[in-house]
Amino acid sequence: MSLKGSQAAGSAVHTVDAGWHRVHPASPFVRGWVGLVAVVYFFGRDAFERMLQGRSLVDPHFNARVPWLLAGGGAVLLLAVGGFLLSWYFYRYQVAEGYVRVNTGFLFKQQRQARLDRVQAIDIVQPLLPRILGLAELKFDVADAGRSAVRLSYLPLEQAKQLRATILARAAGVAGVDGVAPVAPEQLVVSVPPSRLLGSLLLSEHTVAIVLGAAASVALSVYTDNDAILLAVIPAFLGIGAAYWGSFNKGYNFSAAISPDGIRFRYGLLDTRVQTLPPGRIQAVKVTQPPIWRIFGWYRIHVNVAGYGGGERHEHAARTTLLPVGRKAEVMRMLSLVLPDPGVDQPERVFSAGLEGLAPRGQTGPLDGFVTTPRRAWLLAPLGWRRNGFLSTRTALLLRSGRWWHALVIVPHQRTQSMTLQQGPLARLFGVADLVLHTTAGPVSPRLFQAGVEQAVELFDQQAASAREARQHESREQLPAQPPISIQQKSIQEEAHHHG
Amino acid sequence: MRTAAIDPPGVQWLKVSPKYVTVRLVEWAVGTLLLVAVLALPLVFVQFAGWQWPPLWLAIAVPGLVLIVALWRLVLIPRQVRAIGYAERDDDLLIRRGIFFQRTLVVPYGRMQYVDVAVGPVERALGLCTVKLHTAAAGTHAHLPGLPTAEGARLREQLSARGEARLAGL
């Protein structure tokens, strides 16, 4: 983007709401408190200990050195605080004219701006310390796989909520020029009790793998008469414990609520996060059920959202979880939220068939609507051939798979990016083909396994057509005149640019 | 071109330049030579440096097998190049490739984020280029290699124009 453009936009902004705001003054201290504490501890430890012991503040034997030490510590402290204050002073943000702009840095300036109508999702994050102080971070993603989220940290919680409401209202094109939008009311849809979360963690696939691994190592140590193996297992168990704690910490108190500006998720024990997904931002949905969960009728839901990206990190894993564990009724409720118009008459029956349906052994045609792997190809998928199937409704494509690991993937037609039809030599022998749908990065990778060639080719052709129609109907989003996010970096010293 | 079973009906495939075979041959030669040379090192050491391990037959068998597989792939290259095809339909671009493992890719024009044209040194010498399409999905691996430069430029312009006309939000 040219500088001229930004100036033009800037002058237009002044007429509407020119307000450049600053974040809470405590923010840099909250972010950098570890450093401050370290400085104080390093230089003040001696004096502090003496004070505790009730002796004079300064050791009489080191009279000459101590003032210098204290002065040095004070100087470092002053520099740090000064830096914090400067960084706070130059950290400004503005919401105006369809853009959010964030300016940071005093030596190396950076301006980051994001189009409001391109905002894919918006989170209010409260790590432990800011949470104690009543502060929150506002973070929103645009569609570029999570590389450049815009963050505002930290704001007072109420202000963060207000700003979120404003951004969401403008993103939806609701609010007028007069600025402040009311905070949208919420209605609770689903909540996960901690006991069920704990149960789901203990009965997950990971636990099965761990129990098997532990049994194997015990057997090995007994067999080889060697206790060292058991010792080696201890750090592994510590790591596993940390992973469970992480999952529990993230998934604790999960609840989903519906509000006019989107679906709102809250979760977290120590660090809490409130996540808002505006309607129509979900690219693909996956409902899965590991074998043990079937005893309790539990399911979990993951989604692909354009702004979240596909990282392996824990934060991503939590953010792409639409429901960590839930019963079937709750799954149905969530699906009806993310897919308000499934394009069939009896969505519950269709989703049920997708979750646990099984085609009859005989070739009697699709009973529950799902077209499954033809009988001739049962050797390729001896367990799954009656499960693997698809159903194309008016608005979405449903793909089911897995005899033991039940999975149902739903891709709205207007979200399909591109598709590949694949066939290897073995599949050709049995007259089947795989259809892979490409979506934005995330935990869901939709794939139709072993569909009959005729049906697969027909679906391939039809899907291209229905995706086209669905896109044409969807006129809500406007054409982007500019990239959704742009970053300008310039430094005071021109040379700095050349040095890299 | 013979239309395979998984191709959508009624598609007229355009083929890439036969000269692309040369590009693939050069790539094959460089890759194979390097690999076989590295794998043949133990043989050299066994023969001339007095290594006890590996045994001679193994030192011969490994590079030999790799060479046989590479030769098999060499035989396939012309057919593989002939199997690459593309078709511009009204609303999407189709790309097909593969003989044993066939794949047909469809990219709607409205989904394209940008179009790249890449030229490698061998391609440049032969007047060829590679057109790459990018969508918001990382899984879209839409490379169309071995196009004559003029055709590549035409395709890029055409795709950009059609993409702009049909650009949809995510």
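A few points on the structure. Every value quoted in this text rests on a predicted model; they were computed, and no experiment measured them.

## Quick look at the packing of aromatic side chains
- Using the criterion set out here, one finds nine aromatic pairs over all chains in the structure.
- Arranged with centres 4.7 Å apart and planes meeting at 20°, the rings of F296(A) and W298(A) form a pair that is stacked.
- Geometrically, the ring pair formed by F45(B) and W51(B) is stacked, given 4.6 Å between the ring centres and 20° between the ring planes.
- A relative accessible area of 32% places F45(B) in the partly exposed class.
- Aromatic ring contacts, followed pair by pair, group W245(A), F248(A) and Y252(A) into a single cluster.
- The ring centre of Y89(A) lies 4.2 Å from the NZ or CZ of R22(A), which sits over that ring.
- When the ring centre of W293(A) is taken as reference, the NZ or CZ atom of R300(A) above it lies at 4.7 Å.

## A word on the sheet that holds strand β1 (residues 14–15) of chain B
- The strand order across the open sheet built from seven strands is β21(A)-β20(A)-β19(A)-β4(B)-β3(B)-β2(B)-β1(B), with neighbouring strands paired in antiparallel fashion. In this open sheet, the two strands that pair with only one neighbour each are β21 (447–452) of chain A together with β1 of chain B.
- Sheet topology note: the strand β20 (residues 432–438) of chain A/β21(A) ladder contains four bridges and is antiparallel. Residue pairing across strands places V432(A) opposite G452(A), the latter belonging to β21(A).
- Sitting on the sheet, helix α14 (residues 453–473) of chain A touches β19 (418–423), β20 and β21 of chain A together with β3 (92–97) and β4 (102–108) of chain B, and the angle it makes with β19(A) is about 175°.

## Remarks on the nonpolar core
All names here are of chain A.
- By size, the foremost hydrophobic cluster in this structure holds 43 residues, and its most contacted members are F265, L398 and I410.
- When residues of this core are assigned to their parent elements, the largest contribution, five residues, is made by helix α11 (residues 328–338).
- If you count residues domain by domain, this core takes at least three from each of domain 1 (193–251) and domain 2 (282–473).
- Setting aside its immediate chain neighbours within four residues, L398 contacts V350, F351, F370, G389, F390, L391, T393, L408, V409 and I410.

## Quick notes on the pattern of salt bridges
Residues and elements named next belong to chain A.
- Scanning all chains against the criterion turns up 19 salt bridges over all chains.
- Between R273 and D123 there is a salt bridge; the shortest N-O distance is 2.5 Å. One end of the pair, R273, is in strand β11 (residues 272–277); the other, D123, is in strand β5 (residues 119–126), with 150 residues separating them in the sequence.
- Owing to a relative accessible area of 8%, R273 belongs among the buried residues under this scheme.
- On the basis of relative accessible area, D123 is assigned to the buried category, the value being 0%.
- Among the ionic pairs, E186 bridges to R264, the shortest N-O distance being 2.8 Å. Here the residue E186 occupies a position in the loop between α6 (157–171) and β8 (187–191), and R264 occupies one in strand β10 (residues 262–267), the gap between them amounting to 78 residues.

## A look at helix α12 (residues 347–356) of chain A
- Among the residues of α12(A), those classed as buried are V350(A), F351(A), S352(A), A353(A), G354(A) and L355(A).
- Buried residues along α12(A) sit against β12 (282–289), β13 (299–305), α11, β16 (389–392), β17 (396–401) and β18 (406–412) of chain A.

## Describing the sheet that holds strand β9 (residues 255–259) of chain A
Residues and elements named next belong to chain A.
- Pairing is antiparallel in the open sheet, where seven strands are placed in the order β7-β6-β5-β11-β10-β9-β8. Here the strands that pair on one side only, and so sit at the sheet edges, are β7 (150–156) and β8. Strand-to-strand twist across the sheet, computed as the mean angle between neighbouring axes with direction ignored, equals 20°.
- Note that β10 and β11 share five bridges and pair antiparallel. Counted as the bridge partner of F265 is Q275 from β11.
- Across the face of the sheet, α6 comes into contact with β5, β6 (135–142), β7, β10 and β11 while running at roughly 140° to β7.
- Here α11 sits on the sheet and contacts β8, β9 and β10; the angle it forms with β8, its principal contact strand, is near 135°.

Scoring rules and cut-offs
Residues numbered from 1 in each chain as written. Chains lettered and ligands numbered in written order. Predicted model: local features only at pLDDT ≥ 70, side-chain atom pairs only at ≥ 80, totals over all residues. Heavy atoms only, no water. Phe/Tyr/Trp six-rings, centres within 6.5 Å; stacked < 30°, edge-to-face > 60°. Buried < 20%, exposed > 50% of the residue type's maximum accessible area, 1.4 Å probe, protein only. Lys NZ or Arg CZ within 6 Å of the ring centre and 35° of its normal. Pairing = 2+ DSSP bridges. Helix = DSSP H or I, 4+ residues; strand = E, 2+ residues; numbered from the N terminus. Contact = heavy atoms within 4.5 Å. Axes fitted to C-alpha atoms, helices over the stretch in contact; angles between N-to-C directions. Core = buried A, V, L, I, M, F, W, Y, C linked by side-chain atoms within 4.5 Å. Domains from an automatic or database assignment. Salt bridge = Lys/Arg side-chain N within 4 Å of Asp/Glu carboxyl O.

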